[in-house]
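# Per-entry structural report
Spelled out, the chains give:
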Amino acid sequence: GAGVSQTPSNKVTEKGKYVELRCDPISGHTALYWYRQSLGQGPEFLIYFQGTGAADDSGLPNDRFFAVRPEGSVSTLKIQRTERGDSAVYLCASSLGSGATDTQYFGPGTRLTVL
Amino acid sequence: EDKVVQSPLSLVVHEGDTVTLNCSYEVTNFRSLLWYKQEKKAPTFLFMLTSSGIEKKSGRLSSILDKKELFSILNITATQTGDSAVYLCAARAQGAQKLVFGQGTRLTINP
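Now for a quick tour of the structure. (Residues numbered from 1 in each chain as written. Chains lettered and ligands numbered in written order. Predicted model: local features only at pLDDT ≥ 70, side-chain atom pairs only at ≥ 80, totals over all residues. Heavy atoms only, no water.)

Below, the discussion takes up the sheet that holds strand 1 (residues 5–7) of chain A. Residue and element names in this part refer to chain A. Read across the open sheet, the four strands follow the order 1-3-8-7; overall the sheet is antiparallel. Two strands in the sheet have a free side with no partner beyond their single neighbour: strand 1 and strand 7 (65–68). Each strand axis lies, on average, 15° off the axis of its neighbour in the sheet, ignoring direction. Bridging between strand 1 and strand 3 (residues 19–24) involves three bridges; their strand directions are antiparallel. Residue pairing for strand 3: Gln6 is matched across the bridge by Cys23. (Pairing = 2+ DSSP bridges. Helix = DSSP H or I, 4+ residues; strand = E, 2+ residues; numbered from the N terminus. Axes fitted to C-alpha atoms, helices over the stretch in contact; angles between N-to-C directions.)

Take a look at the structure:
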């Protein structure tokens, strides 16, 4: 079956602009995660959804970052007033459930470049 | 703060060599450790380890966890150029959903 998909694959924007990044999880997966990966680093957790609700948003760096998952499937990560430091690959992952042995499967990511 | 450290950060070997990648962790209420392979963008799942001393194996790759010494190793035998990638180690705490990742080890296999 299809894996996690993310659009766009690349996004170039100017400092101060607003961007939206989309994630389509694996069908039937109830849990969805956003991570951010800077060059040469491992992914860093941003937010986790169980169904429609954000169960853990402790990784969001500040209030310019917001994410939604209104129908419990597709999720959108929204970044307001982008800054050059927001440039990174934004990875989305999903898992069947939230149990201790549920594996997170990652999408290909969106590479965001803020000029 | 929970932390995962991988070593070496970079490794270059010849095809056919055996490599060992290291991952140490400091995680409150540790539950599991995961290994991923990242070739271009999407990390792909390799192993999940929850119990000490039990080796997980898939083809030429194997991994083991030591919960007393708080580390894991990933072994790759008879390496091939297709094994070239960044290998990521991540830890998860009991009751938590987020993965805490290390920096990754960039492995390059030369023909």
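Structure shown, so let's carry the discussion forward.
Our focus in this paragraph is the interface of chain B and chain A. Taken together, the contacts link 17 residues of chain B with 25 residues of chain A. Taking both sides of the interface into account, the surface hidden between chain B and chain A amounts to around 1800 Å²; carbon and sulfur atoms contribute 54%. Interface area lost by chain B to chain A is led by Lys41(B), Gln97(B) and Lys98(B), which between them contribute 34%. Where chain B meets chain A, there are eight residue pairs in polar contact (both at pLDDT 80 or more). Among the secondary structure elements, those contributing two or more residues to the side of chain B that touches chain A are strand 4 (30–38), strand 5 (43–49) and strand 9 (85–93) of chain B. Top contributing element to the side of chain B that touches chain A by residue count: strand 4 of chain B, with four residues. Residue classes in the side of chain B that touches chain A are distributed as eight nonpolar, five polar and four charged. (Contact = heavy atoms within 4.5 Å. Buried area = accessible area lost by both parts, 1.4 Å probe. Polar contact = N/O pair within 3.5 Å; in protein donor to acceptor, adjacent residues only side chain to side chain. Nonpolar A, V, L, I, M, F, W, Y, C, P; charged D, E, K, R; others polar.)

Residues and elements named next belong to chain A. Of all seven residues that make up strand 4 (residues 31–37), seven are buried, and the element is covered over most of its length. By the bridge criterion, six bridges tie strand 4 to strand 5 (residues 44–50) in an arrangement that is antiparallel. Residue pairing across strands places Leu32 opposite Phe49, the latter belonging to strand 5. In textbook terms, the turn of a hairpin is the stretch between consecutive antiparallel strands, and for strand 4 and strand 5 this stretch comprises six residues, one of which, Gly40, has a positive phi near 80°. (Buried < 20%, exposed > 50% of the residue type's maximum accessible area, 1.4 Å probe, protein only.)

All names here are of chain A. By the alternation rule, side chains of strand 11 (residues 110–114) split into Thr110, Leu112 and Val114, which are all buried, and Arg111 and Thr113, of which none is buried. The sheet contact formed by strand 9 (residues 88–95) and strand 11 spans three bridges and is antiparallel. Paired with Tyr90 across the two strands is Thr110, which belongs to strand 11.

Distances and angles like these do not, on their own, reveal function.
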